[in-house]
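Coordinates in review
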Amino acid sequence: KPMKMTKTKRNRKRSRGGIGCLIAEDEFNSNESSRSTKSLLRVEDVPLSTAFNLIHSSTTNSSDTDNSTEYNNLHCKDQRRVRIVHPYPYTFATFAKHRWLGRPLIDVYHDEFGSYPRSYYKAAIKAGRILVSGKRVTCDYSIKQGDELTHTVHRHEPAVGLSDLSSTTSAADNEKEVKTPPIEIVYEDDTILVVDKPASMPIHACGAYNYNTLLEVLAHWKPESYGTGKLFTVHRLDKLTSGLVLIAKSSSLASSLGKCILERDGCEKVYLARVKGSFFDILQNANHPWMMKYWTPHKMEEGVGTEESVERQSKQQKLATVPPVSHGEVAEYDKYNISGGIQVELPILKKKGKKKADEASVNQSACIAALGFWVTDCHGSLVENATIQDFTKQCDDMTTTEIIDHAVGSHDTEKLYEHADSAKRSIHWLHFACPCRISSHKNGVCEAGDFSAKSENELEGTKPAQTAFTLLSYDETSDTSLLLVKPDTGRMHQIRLHLQTLGHPIANDHCYGGDLWFRDDEGQQACRKSREWLNRLDKGSNDSDLTISNAPATDEEIYQVVANKSREDGESMDDFIVKTCVWCARCRGVDGINCLDGSAEAKGRNEEAVFRRTLMEYLVRSQGIWLHALQYSLHVKNDDKGSRIAKYRTALPSWVHDTIVKSNE
């Protein structure tokens, strides 16, 4: 049937995921044309333990007693609640780019977007799921200036974990459960909101995540306070990292705080990390090639000018001081007085919109990145010949919280310790400078290390970086160290990369040298069982990474689910989109790929299959890594045009408590 659309405008603000632009003419009216996906959105928060019981009961049958026993024993140590957004119709819209002009529509979709094979786009254009300026066209339609391309799909999102606080809510107390925040609020006033972001949840929409994001979870919880247009992000935090996130309630404050963080104006970020092995093993080698020192000569004594005294002064040993390295850059390059480490001359940073740089910008952009480490005390003075014992003894007779307070300042300014002065002097920091770069923008993978042998072209995009570490505790049982971390720069994945380069990756960071479900037998079993179930569902595939979000559709799936399906008389576009959804078919598995006949019973089975697979995929992905943004300190302007230092800190994450208990034992 012919399709009818409201008039499109380039600057019109459309509802996120709105499907009013794709409704059959006999279904079209003013009410439906303005509806939004949010009104159709179904969100479910479930305890992970309860989810396993649901999966077991829905997959067990009389002829599968062996699997029944396996799933009955399946248990996950992680008791957080999991947030599931049920699939929904979503319209991707974009205006024609200059490079697309004059090209066939099907060629543009096949070459520019890689989620589907060519056969899918051919079927989608024929079915009217891909439109040009609201109208049906043929596959060979030539794209013109000003065309708006829309593609409506059945969108699936990965599940995310919620705040640990939500798992403490009693299921019997429904009223209390509704009031329990899905995200822990650390601080809030009329201008700013500070939250403790759970691991595995991105801050804003990206990739496969649209409504399962920090901003959308807050908006869904309190739309009157945190709805669209009421919150503005200040900084970023990796999806797998938990901890503090500052959110402004005005765009002007977000811009001001963002500038403060970018320019490092009184801003200090403090993280917690749990890493493999006994940290600071690098100090066992007193002649490590990366150990850096800066030698400065003694000053001449006043009033002494004889040749004999001058010769005596020149023969005296030079003083070792902190290397002149700031933000990972060698500030004063002196090859005769800097010993140890590696210096890498980075190419001129190319600024967007400028093909040629003048001499001033060249001098400003070029830098020498340092690769090396040195140890200082709490006053910033160099500690020569530092040993592991210098770090371990600072943990004696103090709790982890006390060490944190002495190292980066107490969150409670009125809190005092009897041994404050002596304890503060005992805090040592290992500073590590190492350049980083993004090795794959598409996959979000970075690398760090010795780039001195790289060519100038290979060094493009490499940036200096610097991080400081100190020890909080060491657990012999798990052979892990708990660290306090202060990044001096903010490169992508910087802390994770620097820890990997030092030989002590974050223990459960499988992207950079750690192990998924590190030393967690129950979690590893749950992950293995889930992967086996997914492989059986996907025709016994051996591809361990085959999941809804990252595996492109195949031609065989398109032929089975999309290509030979047509919209029946009286069938709504919503039902047609679900019926021809490749991802729903994957959830049903090879045996149920064609079982969606439009009946209410079939729809119910499809929803159960999607729910079950979403939870299984949550188990085979990372639940988050042991890296937590603990504390932020930054300049905040007062009403009297002055400024003050605002400090925000979260509670310690659960994996820190586990370490403390084992260490005390």
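This report concerns the structure included in the present document. Predicted model, so just to flag it, every value in this text is computed and none were measured.

Each value, and the rule that gives it
Starting afresh in each chain, residues are numbered from 1 along the sequence in its written order. Note on the predicted model: pLDDT of at least 70 is required for a residue's local features to be given, and 80 or more for side-chain atom pairs to be given and counted; whole-chain, interface and lining totals, by contrast, use all residues. To obtain the side-chain values, all non-hydrogen atoms of the structure were included, while hydrogens and water were left out. Working definition: helices are DSSP H or I runs of at least four residues, strands are E runs of at least two. Numbering for both runs from the N terminus. Buried residues are those whose accessible area, probed at 1.4 Å on protein chains only, stays under 20% of the maximum for their type, while exposed residues exceed 50% and partly exposed ones sit between those limits. Residue contacts follow a heavy-atom distance rule, with two residues in contact if any of their heavy atoms lie within 4.5 Å. The Shrake-Rupley method, run with a 1.4 Å probe sphere, supplies the accessible areas, and residue values consider only the shown protein chains as cover. Only when DSSP finds a minimum of two bridges between them are two strands counted as paired. Axis lines are fitted through C-alpha atoms, for helices just across the contact stretch, and the angle between N-to-C directions can take any value from 0 to 180 degrees. For this analysis, a ring pair means two rings from Phe, Tyr or Trp (six-membered ring only for Trp) whose centres lie within 6.5 Å, classed as stacked if their planes differ by under 30 degrees, edge-to-face if by over 60, and tilted for the remaining angles. Remark: nonpolar core denotes a set of buried residues (Ala, Val, Leu, Ile, Met, Phe, Trp, Tyr, Cys) joined through side-chain atoms within 4.5 Å. The rule for a salt bridge is simple: a side-chain nitrogen of Lys or Arg has to be within 4 Å of a carboxyl oxygen of Asp or Glu. Here the angle decides the label: under 35 degrees means roughly parallel, over 145 means roughly antiparallel, 65 to 115 means roughly perpendicular, and every other value means oblique. The hand of a helix crossing depends on one turn: near helix anticlockwise from the far one by less than a right angle means left-handed, and clockwise means right-handed. Note on residue classes: Ala, Val, Leu, Ile, Met, Phe, Trp, Tyr, Cys and Pro are nonpolar, Asp, Glu, Lys and Arg are charged, and everything else, Gly too, is polar. Polar contacts here mean pairs of N or O atoms no more than 3.5 Å apart (in protein, one a potential hydrogen donor and the other a potential acceptor; neighbouring residues in sequence count only if both atoms are side-chain atoms).

Section: the overall build of the chain
Each helix and strand in the chain was counted, giving 22 helices and 27 strands. Out of the 665 residues in the chain, the part that is buried amounts to 49%. A separation threshold of at least 6 residues defines the contact pool for the chain, and within that pool the share at least 24 residues apart is 70%. Carbon and sulfur atoms form 47% of the exposed surface of the chain, whose accessible area is close to 33500 Å².

Concerning helix 14 (residues 400-408)
Burial of helix 14 is extensive: eight of the nine residues sit out of reach of the surface. For helix 14, the set of buried residues is Thr400, Glu402, Ile403, Ile404, Asp405, His406, Ala407 and Val408. At the C-terminal side of helix 14, glycine 409 shows a positive phi close to 95°.

Quick word on the sheet that holds strand 3 (residues 43-47)
Taken in spatial order, the three strands of this open sheet run 3-4-8, and their pairing is antiparallel. Two strands lie at the open edges of the sheet, namely strand 3 and strand 8 (160-161), each paired on one side alone. With two bridges joining them, strand 4 (residues 81-85) and strand 8 adopt antiparallel strand pairing. Looking at the pairing, arginine 83 lines up with valine 160 of strand 8. Together, strand 3, strand 4 and strand 8 form the strand contacts of helix 21 (residues 600-620), whose direction differs from that of strand 4 by roughly 130°.

Details of the packing of aromatic side chains
One pass over the full model with this rule turns up 18 aromatic pairs. Considering the side-chain rings of tyrosine 88 and tyrosine 90, the 6.3 Å spacing of their centres and the 80° angle between planes classify their relative orientation as edge-to-face. You'll find tyrosine 88 and tyrosine 90 in the same group, each marked buried. Ring geometry for tryptophan 100 versus phenylalanine 113: centroids 6.2 Å apart, planes at 70°, classification edge-to-face. You can see tryptophan 100 sitting in the loop between strand 5 (88-95) and helix 5 (105-112) and its partner phenylalanine 113 sitting in the loop between helix 5 and helix 6 (118-127), a full 13 residues away along the chain.

With respect to the nonpolar core
Ranked by size, the top nonpolar core spans 85 residues in total, and within it Leu430 and Leu484 carry the most contacts. The biggest single contributor to this core is strand 26 (residues 627-637), with six residues. Not counting the four nearest positions on each side in its chain, leucine 484 is found in contact with Val270, Tyr271, Leu272, Ile404, Ala407, Val408, Trp429, Ala468, Phe469, Thr470, Leu472 and Leu630. Counting residues in each nonpolar core, the second largest holds 30 residues, with Ile130, Ile558, Ala585 and Cys587 among its members.

Some words on the pattern of salt bridges
This model, assessed by the stated rule, comprises 19 salt bridges. For the salt bridge of lysine 293 with glutamate 384, the shortest nitrogen-to-oxygen distance reads 3.5 Å. Highlighted residues: lysine 293 in strand 14 (residues 293-296) and glutamate 384 in the loop between strand 20 (367-377) and helix 13 (388-392), separated in sequence by 91 residues. With a shortest N-O distance of 2.5 Å, arginine 437 and glutamate 447 are connected by a salt bridge. Linking arginine 437 in strand 22 (residues 436-440) with glutamate 447 in strand 23 (residues 445-448), this pair joins segments that are ten residues apart in sequence. Residues participating in the shared-partner salt-bridge network are Arg99, Arg103, Asp111 and Glu112.

Focus: helix 16 (residues 494-501)
With six of its eight residues buried, helix 16 lies for the most part within the structure. When we look at burial in helix 16, the residues that qualify are Gln494, Ile495, Arg496, Leu497, His498 and Leu499.

Some details on the packing of helix 17 (residues 521-537) against helix 21
Where helix 17 contacts helix 21, the two axes come as close as 8 Å, and the packing angle between them is 130°. One finds that helix 17 runs oblique with respect to helix 21. Here helix 17 and helix 21 pass one another in a crossing that is left-handed. Judged by residue contacts, Ala526, Cys527, Ser530, Arg531, Trp533, Leu534 and Leu537 of helix 17 engage Arg612, Arg613, Met616, Glu617, Leu619 and Val620 from helix 21. Across the contact of helix 17 with helix 21, the residue classes tally to eight nonpolar, one polar and four charged.

Remarks on the packing of helix 5 against helix 6
With their axes 9 Å apart at the nearest point, helix 5 and helix 6 run at an angle of 135° to one another. Taken together, the axis directions place helix 5 and helix 6 in an arrangement best described as oblique. Two packed elements cross with a definite hand, and for helix 5 against helix 6 that hand is right-handed. Where helix 5 approaches helix 6, its residues Leu105, Ile106, Asp107, Tyr109 and His110 are matched on the opposing element by Arg118, Tyr121, Lys122 and Ile125. A breakdown of the residues in the contact of helix 5 with helix 6 according to their chemical character gives five nonpolar, one polar and three charged.

Observations concerning unusual backbone geometry
Backbone geometry places serine 133, a non-glycine residue, at a positive phi of 50°. Relative to the helices and strands, serine 133 is located in the loop between strand 6 (130-132) and strand 7 (148-155). Among the residues examined, serine 133 registers a relative accessible area of 30% and is labelled partly exposed. A positive phi is found at phenylalanine 280, a non-glycine position, where the angle reads about 75°. Relative to the elements of secondary structure, phenylalanine 280 occurs in the loop between strand 13 (268-276) and strand 14. Judged by relative accessible area, which is 1%, phenylalanine 280 ranks as buried.

Some details on the side chain of histidine 628
Its location among the elements puts histidine 628 in strand 26. Overall, histidine 628 belongs to the buried group, its relative accessible area being 1%. Side-chain polar atoms of histidine 628 contact the side chain of serine 242, separated by 2.8 Å. Polar side-chain contacts of histidine 628 include one of 2.6 Å to the side chain of threonine 650. Histidine 628 has contacts with Asp196, Thr241, Ser242, Gly243, Val270, Tyr271, Leu272, Thr650, Ala651, Pro653 and Trp655, leaving out every residue within four places of it along the chain.

So, the side chain of serine 622
With respect to the helices and strands, the residue serine 622 is situated in the loop between helix 21 and strand 26. Reaching out from serine 622, the side chain makes a polar contact with the backbone nitrogen of glycine 624 at a distance of 3.1 Å. What serine 622 contacts, discounting residues up to four positions off in sequence, is Ser200, Leu240, His510 and Leu516.

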